[in-house]
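# Architecture at a glance
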Amino acid sequence: MMGFGNAVVRPKVGLLTVMCTDYQGVVQNRVVMWRWQQAAVQVLRAPTRAGLCRDGGAGLSAIPSNGQPCLLCPETLAGVMAPLWPLILVAASGTLAIDTPRPRSSALHHLTKQLLQKYHKDVRPVHDWTEATMVYLDVCVRAVLDVDAQNQKLKTNVWYIEVWDDEFLSWNSSMFDDISQISLPLSAIWAPDIIINEFVDLDRLPDLPYVYVNSSGTVKNSKSIQVVSACSLETYAFPFDIQNCSLTFNSILHTVEDVDLAFLRSREDVKHDKQAFSNDSEWELLSVSSAYSTLRSSAGDFAQLQFHVVIRRRPLVYVVSLLIPSIFLMLVDLGSFYIPPTCRARIVFKTSVLVGYTVFRVNMSDEMPQSTVRTPLIGIFFTVCMAFLVLSLSKSILLIKFLHEEQHSGQERPLLCLGGDSDADGLIMDRRAHLDGVAESPVSQEHQAHSRTLKEVLSQLQSISKYFQAQDQAAQQEVGWLALLERIDRLLFQGYLVMLGLYAVTLCSLWALWSRL
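Residues numbered from 1 in each chain as written. Predicted model: local features only at pLDDT ≥ 70, side-chain atom pairs only at ≥ 80, totals over all residues. Heavy atoms only, no water.

Let us now look at the overall build of the protein. Counting secondary structure elements, the protein contains 9 helices and 11 strands. Partitioning the contacts of the protein with sequence separation of at least 6, the portion at a separation of at least 24 is 77%. In the structure as shown, the protein presents an accessible area of about 31600 Å², 60% of it carried by carbon and sulfur atoms. (Helix = DSSP H or I, 4+ residues; strand = E, 2+ residues; numbered from the N terminus. Contact = heavy atoms within 4.5 Å. Areas by Shrake-Rupley, 256 points an atom, 1.4 Å probe, with all protein chains shown as cover.)

Quick look at the structure:
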């Protein structure tokens, strides 16, 4: 039915007819020329007088004195050559026809004029209106231009082909110089109203205003379009993500009883066709599966063809620039747990690692796809590791602050109490000695001096005992807090280690699944 895919071998009947016609014209013209030459020879060989006849000396005469016409006279030659002029003109026109090639564009112009003279592009081109027009579609994905995960858009370059039969655009090629295929303006003929349901925006390319039509009435419309379609993009497994986007073609107005759809090629050929795809981009084409279905609605049943474009990302650049540096940074942070918790250098080290995490997170946000549906798995792992780092850093800060307060309170308070009591006791003893010295005797004064000395020694011993008791209590509290914080630090280390192991195992599993496809 269609004559575009296969070459058709036909005998060159028109060419042979033209050659035979030209050969007959050459023979006929040569016969005419030969007859003209024979007639001229007979005229020249006719009997004439030796001298010229004159009419009274005035000039040449058509009738000489002997009564016979003079063949060399102008009147006689004109009368003889008059019947030969048509033959001369025919011979000259035949010679010009042989030397000048026949214009073939006139047949093309006549054919185009005959096809479009009474053509109505507003009417579906069928003789029987109950018969559906079959439209054959074909899609070839040439490149993936952009994947916008934030706005859920896919931009592709697609080579699109439509083929249908127009019963009012057929002709007999033998009647038009064996013309079997011509190009006609698309705006001058009927075309199916096929759209893509997932259309979001259409980037304009140079339009192709012509279609090819063969002698059997098969119309072929081919064009390259840049399709911006809506697609549910899944970035959870970034950078090992695989996307499946659909392109659904159907008629916007005609039901399946008027316009039906079919595949131009087999589904297997469409699925594994990767020859025209550009492989120098970030994405790789896996397959283009297709399916036919009928969309049922209140307006009627509409035929539709779905092409599922399956692509996957090439992850090597992201593995080198994101995954490996993130694992190194996590290992450095994991090594900070081996620094003693009471060492203040641990806080400085973890603060430096936190700054590295922050800078790396900003750079990673620029390279990771921004999706509002789901966060990439690598971002989740990285955020959890940052949370472990912040918890460990907070624990170290609280520990140093607590130890500093305990040491300060344990040293200052007992010494202040001891110094304060001795000074107060000294002043009291001096005042009492001054008052008693006036009224009491020397014996009593000596006895009172010994008692004051004993009281002073007793108070100092009590102060020293309280000081050591406070130190023991502070030491016991410090040991308790250290044991608790070491237990928390050990739990954080184990959790960090488990998270890093899950991160590495998950990335390796995703890479293995990606490689199998």
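Applying the stated criterion to the full structure yields 1 disulfide. Across the disulfide from Cys231 sits Cys245; the S-S distance is 1.9 Å. Here the S-S torsion is close to -85 degrees, and the disulfide linking Cys231 with Cys245 is therefore left-handed. Of the two residues, Cys231 is situated in the loop between β7 (218-230) and β8 (242-251) and Cys245 in strand β8; the sequence distance between them amounts to 14 residues. Judged on exposure class, the residue Cys231 and its partner Cys245 are both buried. (Disulfide = S-S within 2.5 Å. Buried < 20%, exposed > 50% of the residue type's maximum accessible area, 1.4 Å probe, protein only.)

Right, let's talk about helix α7 (residues 345-367) for a bit. Here α7 contains 23 residues, and its C-alpha end-to-end distance of 34 Å stays within 8% of the 33 Å for a straight helix at 1.5 Å per residue. Those residues of α7 lying buried are Arg346, Ile347, Lys350, Val353, Tyr357, Phe360 and Met364. (Expected span 1.5 Å × (residues − 1).)

Together, Val457, Leu461, Ile464 and Phe468 give the surface a local cluster of nonpolar side chains, amounting to about 370 Å² of exposed area. Locating Phe468 in the fold gives a position in helix α9 (residues 442-516). (Patch = residues over 30% accessible without salt bridge, like charges linked within 9 Å, V, L, I, M, F, W, Y side chains within 5 Å. Salt bridge = Lys/Arg side-chain N within 4 Å of Asp/Glu carboxyl O.)

Turning our eyes to something else, we now look at the packing of aromatic side chains. Centre-to-centre distance and the angle between the planes together describe a pair of aromatic rings. A complete count under the given rule lists 13 aromatic pairs for this structure. Between Trp164 and Trp190, the aromatic rings sit 6.3 Å apart at their centres with planes inclined by 85 degrees, giving edge-to-face as the arrangement. Residue Trp164 is found in strand β2 (residues 153-165), and its partner Trp190 is found in the loop between β3 (181-185) and β4 (194-196); the two are separated by 26 residues along the sequence. Residue classification places Trp190 among the buried positions, given a relative accessible area of 6%. With a centroid separation of 4.9 Å and an interplanar angle of 70 degrees, the aromatic rings of Phe238 and Tyr318 are classed as edge-to-face. (Phe/Tyr/Trp six-rings, centres within 6.5 Å; stacked < 30°, edge-to-face > 60°.)

A word on the pattern of salt bridges. Per the counting criterion, the structure on display carries 10 salt bridges. Measuring nitrogen to oxygen at the nearest pair gives 3.0 Å for the salt bridge that ties Arg265 to Asp273. Overall, Arg265 belongs to the partly exposed group, its relative accessible area being 26%. Taking the relative accessible area as the measure of exposure, Asp273 reaches 16% and is therefore buried. One network of salt bridges, in which partners are shared, links Asp138, Arg265 and Asp273.

This brings us to the nonpolar core. Ranked by size, the top nonpolar core spans 48 residues in total, and within it Leu137, Leu169, Phe249, Leu261 and Phe307 carry the most contacts. Filtering out sequence-adjacent residues up to four positions away, Leu261 remains in contact with Met134, Val135, Leu137, Ile194, Phe249, Asn250, Tyr292, Ala303, Gln304 and Leu305. Membership of the second largest hydrophobic core comes to 33 residues, among which are Val319, Leu329, Met364 and Tyr503. (Core = buried A, V, L, I, M, F, W, Y, C linked by side-chain atoms within 4.5 Å.)

A separate point is the sheet that holds strand β11 (residues 300-313). Spatially, 4 strands are ordered β4-β8-β11-β10 in an open sheet, and the strand pairing comes out antiparallel. Unpaired on one side and paired on the other, β4 and β10 (283-297) mark the two borders of the sheet. Adjacent strand axes in the sheet meet at a mean angle of 20 degrees when their direction is disregarded. Alignment of β10 against β11, held across 14 bridges, turns out to be antiparallel. Following the sheet pairing, Leu285 is matched in β11 by Ile311. (Pairing = 2+ DSSP bridges. Axes fitted to C-alpha atoms, helices over the stretch in contact; angles between N-to-C directions.)

When pLDDT is averaged along the protein, the result is 75; 69% of the residues meet or exceed 70. The spread of mean pLDDT over the elements of the protein runs between helix α1 (residues 13-44), the lowest at 47, and strand β9 (residues 259-263), the highest at 94. A low-confidence stretch, residues 1-27 (pLDDT under 50), is modelled with 23 contacts involving residues beyond four sequence positions or located in other chains. Low confidence marks residues 43-65, where pLDDT is under 50. Its contacts with residues over four positions away, or in another chain, come to 29 contacts. (pLDDT = per-residue confidence, 0-100.)

What follows deals with the environment of Glu282. Within the element layout of this structure, Glu282 appears in the loop between α5 (267-271) and β10. Glu282 sits in the partly exposed class, given a relative accessible area of 31%. Residues Glu282 and Val317, spaced 35 residues apart in sequence, show a C-alpha to C-alpha distance of 9.4 Å. Ignoring any residue separated from it by four or fewer positions in sequence, one finds Glu282 in contact with Arg312, Arg313, Arg314 and Tyr318. Looking at Glu282, its side chain comes within polar contact range of the side chain of Arg313, at 2.6 Å. (Polar contact = N/O pair within 3.5 Å; in protein donor to acceptor, adjacent residues only side chain to side chain.)

The next thing to look at is unusual backbone geometry. Here the amide bond leading from Phe238 into Pro239 is cis, since omega sits at 5 degrees, within 30 degrees of zero. Within the secondary structure, Pro239 sits in the loop between β7 and β8. Notably, Gln152 is not glycine yet its phi reads approximately 55 degrees, a positive angle. Its identity as a non-glycine residue notwithstanding, Asp177 has a phi of 55 degrees, on the positive side. The residue Asp177 is located in the loop between β2 and β3 in this model. Since its relative accessible area comes to 33%, Asp177 is described here as partly exposed.

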